[in-house]
Structures are given as C-alpha cells and as structure tokens.
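# Examination of the molecular architecture
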Amino acid sequence: MRQQGRILAVLGPTNTGKTHYAIERMLAHRTGVIGLPLRLLAREVYDRIVALRGPSVVALVTGEERIVPERTRYWVCTVEAMPQEIGADFLAIDEIQLCADPERGHVFTDRLLHARGLHETLFLGAETMRGAIAAQVPKAQFTRRERFSELTYTGSKKISRMPPRSAIVGFSVENVYAIAELIRRQKGGCAVVMGALSPRTRNAQVDLYQNGEVDYLVATDAIGMGLNLDINHVAFSGLKKFDGRRMRLLQPNELAQIAGRAGRYMRNGTFGVTGEAPPLDDDMAAAITSHRFTPVKKLQWRNARLDFGTADRLIASLEQRTDDEWLTRAREADDLHALRALAEMPDVRARISAAPDVRLLWDVCRIPDFRGISAAEHVSLLGRIYDFLHDGGVVPDDWLARQIRRIDRNDGDIDTLSKRLAYIRTWTYVAQRRGWVGDESHWRGATRAVEDRLSDALHGALTKRFVDRRTSVLLRRLKQKEGLVAEVNEKGEVTVEGQFVGRLEGFRFRQDASGSPDEAKTLRQASFAALKPEFHLRADRFYNAPDTEIDFTEQGGLMWGEHAVGKLVAGGEVLKPQVEAFVDEEAGHDVAEKVRRRLQHFIDRKVATLFEPLLTLQRDEALTGLARGFGFRMIEALGVLPRDQVAGEVKELDQEARGALRKHGIRFGQFTIFLPLLLKPAPTRLRLGLWSLSQGLSEFPESPPPGLVTIPVVPEVPQGCYTLSGYRPAGARAIRIDMLERLADLLRAQDSRGGFEANPDMLSITGMTLEQFADLMQGLGYNAEKGEREKVKAPPAADASADPVADAGATPEPVADPVSGDPAAPEAEAEPEKELFYTFTWAPKRKAGGRPRGEERQGNNRPQGKGKPKGKPAGKRPPRDGAQTYQARPPKKEKPIDPDNPFAAALMGLKSKQ
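Calculation criteria
- Residues numbered from 1 in each chain as written.
- Predicted model: local features only at pLDDT ≥ 70, side-chain atom pairs only at ≥ 80, totals over all residues.
- Heavy atoms only, no water.
- Helix = DSSP H or I, 4+ residues; strand = E, 2+ residues; numbered from the N terminus.
- Buried < 20%, exposed > 50% of the residue type's maximum accessible area, 1.4 Å probe, protein only.
- Contact = heavy atoms within 4.5 Å.
- Areas by Shrake-Rupley, 256 points an atom, 1.4 Å probe, with all protein chains shown as cover.
- Pairing = 2+ DSSP bridges.
- Axes fitted to C-alpha atoms, helices over the stretch in contact; angles between N-to-C directions.
- Lys, Arg positive; Asp, Glu negative; His and termini not counted.
- Salt bridge = Lys/Arg side-chain N within 4 Å of Asp/Glu carboxyl O.
- Patch = residues over 30% accessible without salt bridge, like charges linked within 9 Å, V, L, I, M, F, W, Y side chains within 5 Å.
- Core = buried A, V, L, I, M, F, W, Y, C linked by side-chain atoms within 4.5 Å.
- pLDDT = per-residue confidence, 0-100.
- Phe/Tyr/Trp six-rings, centres within 6.5 Å; stacked < 30°, edge-to-face > 60°.
- Charge placed at Lys NZ, Arg CZ, Asp CG, Glu CD.
- Expected span 1.5 Å × (residues − 1).
- Parallel < 35°, antiparallel > 145°, perpendicular 65-115°, else oblique.
- Left-handed = near helix turned anticlockwise from the far one by under 90°.
- Nonpolar A, V, L, I, M, F, W, Y, C, P; charged D, E, K, R; others polar.

## Quick notes on the overall build of the protein
Counting its regular elements, the protein contains 30 helices and 34 strands. The proportion of buried residues among the 914 residues of the protein is 46%. Considering only intrachain contacts with a sequence separation of at least 6, the fraction spanning at least 24 residues in the protein is 67%. With the model as given, the accessible surface of the protein reaches about 46,900 Å², and the carbon-plus-sulfur share is 50%.

So, in structure tokens, the structure goes:
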C-alpha cells in the first residue's frame, strides 16, 4: 500500500486497551483493515464490530473462514489473510512484536514494512518493538499506554489451593488434559481452551467459565493473545514449551504476555506457578511485574518480491538474503519445504510450463499443515490437489465429498474429535480459496457445517470429561455456607434434607399440596433455594440432550421425554417458528434462556430436516421470473397446493420453468401440485402445526393416522386442513393426494364422455367399496349413474369322479321324496342373481356464470372423448356399428418382427395361432 497519512505505534503491556483503541480508530474512518494474530481473536473482534456497525459492512477473512458482504467497509483478518491492495483509509496490525517469532515472524515483518492505511496506520504491541519500528519506519510516531491494573507475583501454589477464577497454563495437550482431570476431581470441573480448538468450541468452553458454571480454566499459551477473560490469577504449570523444533525455556516477555491476562480493566491480578514448575527467580518476576524486557534486535524476514518464472527461480527468490542489520532471513517454513519437495517430483515438474503454473504451485504449497501427521503425507496431499487444479481447474466434487464424508462423524473421544477438526480445517481452507472448487458456496457451507458439528461434539466431550456438575455445585454451596441440599429421583420427586416437597416436571416445580399455607411458603422458598443448582444441572443435561429425546406434539407442545418444557409460537415467517420455554421464574434467566435456546435449536433443525426441499427451493438463486414466483407460492402453501387455485399461474409456466421446479421434486399433478417428500407423516404433522400457528388457532387439527388412503370428511373441519394433511375431500371421504394422482392416471385411460365402469385397479388403489367409490367420483366432478344387471356366473367345475362317457347325454332320474317315497317334482328354475354397477361420466358442477368447474384447469381434469353416454356399459364394450371410439392415448404402432431376432420364429408362431 502507499505510505500516506499518520503512522502511529501504540506500545505497552497487556490490559492497556490497545485493541479497543484500534477498533475505535478504525470505526472513525470510512474504511479500515485490522490484522490479528489468531483466528480466535479475529472472530472475537469481528463480533464486537458487528455489534456496533451491523453485519452488512464488516468482513471476516481468515485462512478457513471468509465472510465478505457486498458493502464491506471494515475488514477483520488474520495477519496472513489481510487484503493489501484495497486502499483502506485505516490499517492496524496487532501484536506487532510477533515480527520476531521464528515461525510466523516474516509475515508480520512484511506488514510492518509495506502495509499502510491511506490516512492512518497503527502498530500495536509490546514496548520491546520501539527500536525496531523506529529503524524500519522512520516516520512512525510513538505512544505508550500504561496497564490499567497492577500485576503481582504470588509464588507457587498447589492446584488444590488454587483460588476461584484462576487460569492454569500448560504447554502441551497432555499437560492440559492431566491438569483438567485433577481439577475435575478436586474442584468439580473446569473449562479447556487451546489454540487448536475451533472458534465455536473455544467460545462454548469460555462460556462455561465466563458464566460461572466452572471457576477454573485450563489453557495453553493461546490465552496470551488478547482474549479477554475474567481471570484473577494465572498459574504456570511449566516454563518450557516445544516451539516446533525443540524444547526451550520461555522468555520473560512471553511469560508476561500470558501472565498479563490476570486482572481485567481496573481489577488487579496475580500470577504464579504450580505443579512441577519451579518458582520464578526474583529478577524475572520483577521484570514481569514492571514490564521491563530486552528490546527486540532482529526481525524475521523473507523476501516478498517473488519470481514466478520457474520453480527454481521461485525457490531462489524465497531464499534471498538481506543486508539490513535489523532483519534476519527466516528459517525454512513449511510452505518452502513443500515447494522444494513438489518441485523435485517429475510429474509435478512436467506440468510447470509457465509463470501461472508456478504461481498455482506456490498457492497450493501455502496450505497449512493442519493435520500434523508427517511432512511426507502433507506433501503428497498437496501434490494431489495441484494435479486437480492444474489439469481440471478445480478439485473434483466427488473426491472432495469422499474426503469430507470420512471426517463427518461425531463419535469418538476427545483426541479423535480433535484430529477430525484438524483434518476438516484443510478442506475448509481449500473451499475458501477462490476458484479452487466448483460450487464455492456449497463447499464453504458444507465444510463449515462439518466443523460446527465436530466443534459441538468436542465441546460436549470436553465438558463431559472435565466437568462434574454435582461436585462443582455442592462445593460452591458449601463455600457459601448454605446447608440445603436437594435431591431429585428418577420419578422427579424432590427432597430437601430428606423431606419430600414436590415434583420437578421438566423445569417447573409442582409443590406438595399438604401442609399449612405458612409451611407451604417456607417449603417453597427452601425448595427453590435448594433446587437452583438442580435447575442448572437439568438445563445443562437438556441442552446437551440429543434431538431424539425431544419431540413436538400435534398441539404445538414441546416435550422432553414425558414432560412439557415449552410450546411453539408464531414467528415472523411460517417456516421460522419461535419457542416459549416452560421454566419457573425462580429458576433464573440463564436456565430459561438455555432451555429456550435448546428448544429453538431443536425446532430449527426439525424444520430444516423435514422441510429441506422447501428451504432448498427458497435458496435457489437460479430460479427466476414466473418459476421463482411459483416457488414462493409453494413455500407459502408449505408444499401442498390445490391445482385449481393456481390454474392460471400453472398455465403461464413454460416447460423450462416447470423443469426447473421439477428438479426440486415438485410434482404437477392433475388435482394437486405437491412435493411427495412432504407427504410423509412427520412433515405432515409439523406442517399442520406451523399452519395452525400462522392462523392463530387455539386448537390445532390433528394429522390423520399414517398409512390411510382415505379418511372421513368431517364438516366442522376447514377444507384447508385436509389439504395440509395431504388429502383432498371428495364426497363423504377424503383421499390422499398421491393416491388420487395414481387414480387420475387410471381415469385418463377411460372414455369419460362415453362412460366407463370402475375396474379392480381403481378400487384397489382407493381401498373402497363400489358404493364408496361412486361417492368419491361424484366428489371429483363425475356423474355416477347406478344400474342393475344379471350377474354373470362362472361355469361350474366338472366333477372329476364322474364318468364322462356314461354321463354324456343321460337324463337325470328324479330323486324320491324322503318322507312319502314319491318321486320329487323338478325344482322351479332359480331367479338370476343381480349385481349393481355404476357408469361414470364427466359432469363437473357449474360455477356461477354457467361455466363448468374444471375448464380453467387447462383440460387436466377433463375426461377424454365426446358426446353423452348411451346405455350402460359393462367394462370395455365392443364398438357399435358406425360408432366412434375414444381413448386417452393414441394406439401404439406395432413394430415389425425382426427376422434376425432369435425369438422371431416363436413370435411368428404365436401370431399365426391368434
């Protein structure tokens, strides 16, 4: 960027408000960019600015996350992901002392040397950078900020004596887990924060601590980079760390960066050591408390002017040295190591023919090794990605889907979930790169969804392993000298000090009705005082309960097992219902809010799952014009729309528009336009509930039992309820709309003008008797003419025991009367058996104005054929002489038999027999 405007270095220890000052200065300008050292800190600052300016003007850009609104004015980024050529009025770099970091220092140094705001540039960091900044940026001005509170060294303490609101810092995952387990046993539980955690998991763990659910935090040195927490005391469990190459002692300024998290704003803080960490010597402790450290003498540097002519020239430019006494060439980073390895592979080198190939190779090499398995495996993965991008332009969808599918599992322990999170970060990074995947929006959403699910699972696993709710609550209550202890058994029976006082139903306490009013009042006060921890514990269990334990009733109730815990209420949109939690006021706002959030998560996921076709239709930006408008009609109707209500709109849809809608599963039936997937029992039950909410009904209609093809029509029930239930009223019964469309397919093959009878397939589809079917057909607009005729009997079967020769032509002898012995007179001829039948013809009811109903339906509901029925047809009648016959489809042309067909002879034989 061009160097213009004021350049100011704001230096000082932690808890001086430097980051807060930078945010204020950025928002005072029209546009701005701020670079932060951690993805976690970037997310925290982004949330703060969004709260002040709204999400439409704030962007978040990290290696694995990219949120860039169209009207972006303020960019919050990790230092590596900062846009440098947008010409922002303001630019800030936080933790500028990381210029001396062996791993990432060269990136910070590059920003120090080249990144500038048009009107104002801020460098925020430790006082140790004053000399280096003055030497490299001569025009820079300096200001020092003093710490708001005092920091005091308190020596060594055992973990069992650690005061509440303490953070214990470890420098390895194993060390962190061991300390957390010890605190769980001795203190009831703790939250865990590590740099490898996703922002979602880290925030969930921090909430555990910030909300006071646990009093202890176990963390790595990730908390040293600007994360604002309510910490009174910081304890180091060790003074060494592995820096990626070797174990080394931490420098005083590094310890001070972490210890400075103790005390917030004007509240003083303390720090010390614990466990196996030796006490700090007096000089080091004094340096930390007085913020006096050795100035930075060397900044890590790597040439930023890269030569993309060939791979070898690119490597040479990256290895270029500098004569500047303040700068030292950075050690070989992972990206340079990967570039060397890939450039030596024959198949990769064969693909490099021009500068764009080299630039693409360098971009691939900069994919971080999140997995940390081995350098060889990382290089192998990068080689595969380079092949895809070079040869096909993008990473193939099917290959990427397989990689993600293997990771998308929520089972396993903490280590397994942590590894999966590290793996998905690679694909999140790939999806964020512009042009690397086919459908960027889809893959960014898919990888983010997997990371969120794994994050939630990891938070649950961490909480389950390192938080003992009951012990934590009891210890805190004993500390507060409150002797009341409540017990709730499996039946929900609540006892305080061994006395039964009532039942806990969900999150509402039902007090025992026995006892005097004064006793009841005392018991109630005691019960809620003792139940408060139980409410929190139960809220936590409910919040972490799987969706399978929660359900909604047909009347809009929300159940947790057998207990009602809330109800649905109407939201701003029919597909966005809200919830009302059933929580006693005495349980507290936090419990009520936690229950409400969990219920909201549940119903949001239910709607997203059961109405996925509608939501996909809503999000489809490819739908335009009439197709988009019709799609909104389907969404408003919750996926089931009688065709006669939108006949004109359907007529206006061309085949391309219909095809686009059919891709979303919409079926244009003769009577109903619907999404078949939404006719299943679960979506139907929820659809009725959502519709009832939108209509403000006090009593919701119940969905029909699953599996029924027809149901009785009850006059008191509004017709719209049947449609939303997936049925169409026709006569005394309503038929399921998908089965109605199957029936319509059969009816189209009939002569609906000349008349036809019901065949077995029609009765089988509906499961009706002939009389019921006739009523149904009349409800659909047909005329049903009843008739009676002689029933045709099947010929009797011949008696196998009779002699066919002897019986032929014989006259039967009369049988003697068993009483008189006289020969019996021949029986009178029996009357023929009659059967009822119906002849159906199309006879729609006429609307006001004389036009038959159904004409506006583009002929879809009209029967085939012409004229009025004559006689009473029985099944398929032979055509009368000179009469014209009608059928729904043109007759199929009979194909000539192929003489070369091996079955030709057999086919010709069958033809000749006929």
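## Remarks on the sheet that holds strand β8 (residues 141-144)
Read across the open sheet, the 8 strands follow the order β4-β3-β5-β2-β6-β7-β1-β8; overall the sheet is mixed. With one partner strand each, in any of the chains shown, β4 (66-67) and β8 form the two edges of the open sheet. Two strands pair when backbone bridges link them, and strand β1 (residues 6-11) and β8 are joined in this way by 4 bridges, in the parallel orientation. From the neighbouring strand, Leu11 faces β8, where its bridge partner is Arg144. Sheet strands in contact with helix α1 (residues 18-27) are β1, β2 (32-36), β5 (74-78), β6 (90-93) and β7 (120-125), and its direction is about 170 degrees off that of β7.

## Observations concerning the side chain of Glu741
The residue Glu741 is located in helix α26 (residues 737-748) in this model. The charged side chain of Glu741 is buried without a salt bridge, its nearest counter-charge being Arg667 at 4.7 Å. If we ignore the near neighbours within four places in the chain, the residues touching Glu741 are Arg667, Gly669, Gln670, Phe671, Thr672 and Phe674.

## Describing unusual backbone geometry
Most peptide bonds are trans, and most residues other than glycine sit at a negative phi. Phi at Asn15 takes a positive value of approximately 60 degrees, unusual for a residue other than glycine. Note on placement: Asn15 falls in the loop between β1 and α1.

## What about the pairing of β5?
Taken across its 5 residues, β5 has 5 buried, putting it largely inside the fold. Burial along β5 is two-sided: Tyr74, Val76 and Thr78 and Trp75 and Cys77, pointing in opposite directions, are all buried. In the sheet, β2 pairs with β5 via 5 bridges, with the strands oriented parallel. Directly across from Val33, in β5, lies its bridge partner Trp75.

## Section: the environment of Ile315
Of note, Ile315 is situated in helix α9 (residues 311-318). Note on Ile315: relative accessible area 11%, which makes it buried. When the C-alpha positions of Ile315 and Arg340 are compared, they lie 7.3 Å apart, and in sequence the two are 25 residues distant. The contact partners of Ile315, leaving out residues within four places of it in the chain, are Leu336, Leu339, Arg340 and Ala343.

## Quick look at a nonpolar patch on the surface
Together, Phe148, Tyr265 and Met266 make up a nonpolar patch on the protein surface, roughly 330 Å² of accessible area in all. In this fold, Phe148 is placed in the loop between β8 and β9 (151-156). Taking the relative accessible area as the measure of exposure, Phe148 reaches 32% and is therefore partly exposed.

## Considering the pattern of salt bridges
A complete count under the given rule lists 51 salt bridges for this structure. Lys594 is the partner of Asp540 in a salt bridge, and the nearest nitrogen-oxygen pair spans 2.6 Å. Of the two residues, Asp540 is situated in helix α18 (residues 517-544) and Lys594 in helix α19 (residues 589-610); the sequence distance between them amounts to 54 residues. For Asp540, a relative accessible area of 7% corresponds to the buried category.

## Topic: the sheet that holds strand β10 (residues 166-169)
Within the open sheet, the 6 strands sit side by side as β9-β16-β13-β10-β12-β11. Their pairing is parallel. Edge positions in the sheet fall to β9 and β11 (191-193), since each of these pairs with one other strand and no more. Here the average twist between neighbouring strands, direction ignored, is 20 degrees. In this sheet, strand β13 (residues 233-236) lies alongside β10 in parallel orientation, the contact comprising 4 bridges. Note on β13: the bridge partner recorded for Val169 is Phe236. Here helix α8 (residues 282-290) sits on the sheet and contacts β9 and β16 (269-273); the angle it forms with β9, its principal contact strand, is near 150 degrees.

## Focus: the nonpolar core
In summary, soluble globular proteins display a tendency toward joint burial of nonpolar side chains. If you look at the biggest cluster of nonpolar residues, it comprises 65 residues, and the most contacted ones within it are Leu339, Val364, Ile385 and Trp427. With residues up to four places along the chain from it excluded, the contact list for Val364 reads Leu382, Ile385, Tyr386, Leu389 and Trp436. Grouped together as the second largest cluster of nonpolar side chains are 58 residues, Val579, Ala587, Leu641 and Ala657 included.

## Here we look at the confidence of the model for the protein
Detailed reading of the predicted model is not advised wherever pLDDT is low. Of the residues in the protein, 83% have a pLDDT of 70 or more, and the chain-wide mean is 83. Per-element averaging of pLDDT across the protein places helix α29 (residues 804-807) at the bottom with 42 and β6 at the top with 96. Note on residues 800-812: pLDDT is under 50 here. Beyond four places in sequence and across chains, it has 1 contact. A low-confidence stretch, residues 815-821 stays under pLDDT 50, and its non-local contacts, those more than four residues away or across chains, total 9 contacts.

## Some remarks on helix α12 (residues 355-365)
Across the 11 residues of α12, 8 count as buried, placing the element largely inside the fold. Looking only at α12, the buried set comprises Asp357, Val358, Leu360, Leu361, Trp362, Asp363, Val364 and Cys365. The secondary structure elements touched by the buried residues of α12 are α9, α10 (334-343), α11 (346-351) and α13 (375-392).

## Let's talk about the packing of aromatic side chains
Taken as a whole and judged by the stated rule, the model has 14 aromatic pairs. On the basis of an interplanar angle of 55 degrees and a centroid distance of 4.9 Å, the ring pair of Phe542 and Trp560 is categorised as tilted. Here Trp560 lies in strand β24 (residues 557-560) and Phe542 lies in helix α18, a separation of 18 residues in the sequence. For the residue pair Phe542 and Trp560, the accessibility class agrees, reading buried in each case. Taking 6.3 Å as the distance between ring centres and 15 degrees as the angle between the ring planes, the aromatic pair formed by Tyr838 and Phe840 counts as stacked.

## Description of a positive patch on the surface
A cluster of basic side chains, namely Arg384, Arg402, Arg405 and Arg406, defines a positive patch on the protein surface. If you tally residues by element for the positive patch, the top one is helix α14 (residues 397-407), at 3 residues. Mapped onto the elements, Arg384 comes out in helix α13.

## Quick look at helix α2 (residues 39-53)
Its 15 residues give α2 an end-to-end C-alpha distance of 21 Å, which sits within 8% of 21 Å, the value for a rise of 1.5 Å per residue. All buried positions along α2 are accounted for by Arg39, Leu40, Leu41, Ala42, Arg43, Glu44, Val45, Tyr46, Ile49 and Val50. Gly54 sits one or two residues past α2 and shows a positive phi near 90 degrees.

## A closer look at the packing of helix α15 (residues 414-432) against helix α16 (residues 440-466)
The description of two helices packed together rests on the angle between their axes and the distance between the axes. Remark: α15 packs on α16, axes separated minimally by 9 Å, with the N-to-C direction vectors making an angle of 160 degrees. As summarised for this structure, α15 and α16 are arranged roughly antiparallel, according to the angle between their axes. Between α15 and α16 lies a crossing whose hand is left-handed. Residues that form the contact of α15 with α16 fall into these classes: 14 nonpolar, 5 polar and 6 charged.

## Quick look at the packing of α10 against α12
Running from N to C, α10 and α12 point in directions that differ by 130 degrees, and their axes come no closer than 8 Å. Relative to α12, α10 is oriented oblique. The two elements α10 and α12 meet at a crossing, and its hand is right-handed. Each of Asp335, Leu336, Ala338, Leu339 and Leu342 in α10 lies in contact with α12, whose residues at this interface are Leu361, Trp362 and Cys365. Considering only residue class, the contact of α10 with α12 consists of 7 nonpolar, no polar and 1 charged.

## Let's talk about the environment of Asp363
Residue position: Asp363 is located in helix α12. Taking the relative accessible area as the measure of exposure, Asp363 reaches 17% and is therefore buried.

## Observations regarding the pairing of β24
The alternating pattern of β24 places Gly557 and Met559 on one face and Leu558 and Trp560 on the opposite face, and all of these are buried. In the sheet, strand β23 (residues 550-552) pairs with β24 via 3 bridges, with the strands oriented antiparallel. Along β24, the bridge assignment pairs Asp551 with Met559. The turn joining β23 and β24, which pair antiparallel and follow one another in sequence, is formed by 4 residues; a positive phi near 85 degrees is taken by Gly556. Looking at chain direction, β24 and strand β25 (residues 563-569) are connected through 4 bridges and run antiparallel.

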